[in-house]
Amino acid sequence: MSHIGFIAAAYAITAIVLAGLVAWVIVDGRIQQAALGELERRGIRRTGRQRGGEAT
Amino acid sequence: MLEFANPTRFMALSRSVLPWLWAAAAGVLAIGLVLAFRAPADYQQGLTVLIMYIHVPSAWLAMMCYAVIATSSVGTLVWRHPLADVSARAAAPIGACFTFLALVTGSLWGKPMWGTWWVWDARLTSVLLLFLMYLGLIALWRAFDDPARAARPVAILALVGFVNIPIIKFSVDWWNTLHQPASVFRFDGPTIDPSMLWPLMVMAVAFTLLFLAIHVAAMRNEILRRRVRAMRVKAASTLVPAE
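Read on for a plain summary of the structure. (Residues numbered from 1 in each chain as written. Chains lettered and ligands numbered in written order. Predicted model: local features only at pLDDT ≥ 70, side-chain atom pairs only at ≥ 80, totals over all residues. Heavy atoms only, no water.)

### Regarding a nonpolar patch on the surface
All names here are of chain B.
- A grouping of V74, V78, W79 and L159 is seen on the molecular surface, where their side chains present a nonpolar patch of about 370 Å² in accessible area.
- By secondary structure assignment, the location of V78 is in helix 2 (residues 52-79).
- With relative accessibility at 55%, the residue V78 sits in the exposed group. (Patch = residues over 30% accessible without salt bridge, like charges linked within 9 Å, V, L, I, M, F, W, Y side chains within 5 Å. Areas by Shrake-Rupley, 256 points an atom, 1.4 Å probe, with all protein chains shown as cover. Salt bridge = Lys/Arg side-chain N within 4 Å of Asp/Glu carboxyl O. Helix = DSSP H or I, 4+ residues; strand = E, 2+ residues; numbered from the N terminus. Buried < 20%, exposed > 50% of the residue type's maximum accessible area, 1.4 Å probe, protein only.)

Below is the structure:
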């Protein structure tokens, strides 16, 4: 009994969704880092930011 | 514990842990796929049993992700911890994706095995309800401009929705369903042959590691998003002329 089409479709959809999730967090992270960097370049500082803390 | 779990410390800690999490997830996933494709074909299902190695971990993660949201919601309501809401919000889209995968791969497994893509039995319907719950939580978060104002109503809704998790788990025992009963986590031990059980468990660990990596990365993004929002509000307030 072989249902290669069903197996291939299941693995392909899983790969696309999981790769999409990974790509989403990476791209979203870069967008947020860029937005934060732009605000800091304009001289805006976070309230309560600790000295020596992470730049983000 | 609460002092340790502040956003600044989380950002510093997660920055060093995240690359290892990504590497572990990729490595275990590769091993799991090799083991799954080397596992024997089922005597009844043939090679179609290969769908089990992605369907079952997806379904487990769909429920585990909601458990993370519910636990985080308790943190939001009881301790009002800022990281708790961040954790819940970051987990919701990931949980929605794993639930979607459980539904789609289950349907692709059901058609050749049951002869139908879908039946409105208790297991399938309760998982579909879980998917709709995820979409509802995401929609409610997005309905508020200020994430701090959204935290409590979303946490309450998430905890109400948690009642669906034991229903999903025990639906195959409580009702007569087309979906098979539990075959791994049973009081009398797994009913799957070890030659298939081990690849399944390795794939489950791989999916869990992948979830952890994506969740930590999404939490970092959410913290950054809130910082950007706070800084934009601060910048806008300095532009308002004094009365």
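After that view of the structure, there is still more to cover.
### So, the pattern of salt bridges
- Within the structure shown, the criterion is met by 7 salt bridges over all chains.
- Of the charged contacts, one joins R226 of chain B and D85 of chain B as a salt bridge, the two residues approaching to 2.8 Å between their closest N and O atoms. Note that R226 of chain B is positioned in helix 7 (residues 194-239) and D85 of chain B in helix 3 (residues 82-114), a separation of 141 residues in sequence.
- A residue is classified by how much of its surface remains accessible, and D85 of chain B, at 5% relative accessible area, is buried.
- Notably, a salt bridge pairs R89 of chain B with E222 of chain B, separated by 4.0 Å at the nearest N-O pair. Taken together, the residues R89 of chain B in helix 3 and E222 of chain B in helix 7 connect sequence positions 133 residues apart.
- We classify E222 of chain B as buried; its relative accessible area is 6%.
- By sharing partners, the salt bridges in this structure join D28 of chain A together with D85, R89, E222, R225 and R226 of chain B into a single network.

### Re the packing of aromatic side chains
Residue and element names in this part refer to chain B.
- Per the stated rule, a full pass over the model turns up 8 aromatic pairs over all chains.
- Measuring from ring centre to ring centre gives 5.6 Å for F170 and W174, while their planes differ by 25 degrees; the resulting arrangement is stacked. With F170 and W174 both in helix 6 (residues 164-174) and 4 residues apart, this pair spans about one turn of that helix.
- With a relative accessible area of 36%, F170 lands in the partly exposed category.
- Ring pairing ties together the aromatic residues F170, W174 and W175, which thus form one cluster. (Phe/Tyr/Trp six-rings, centres within 6.5 Å; stacked < 30°, edge-to-face > 60°.)

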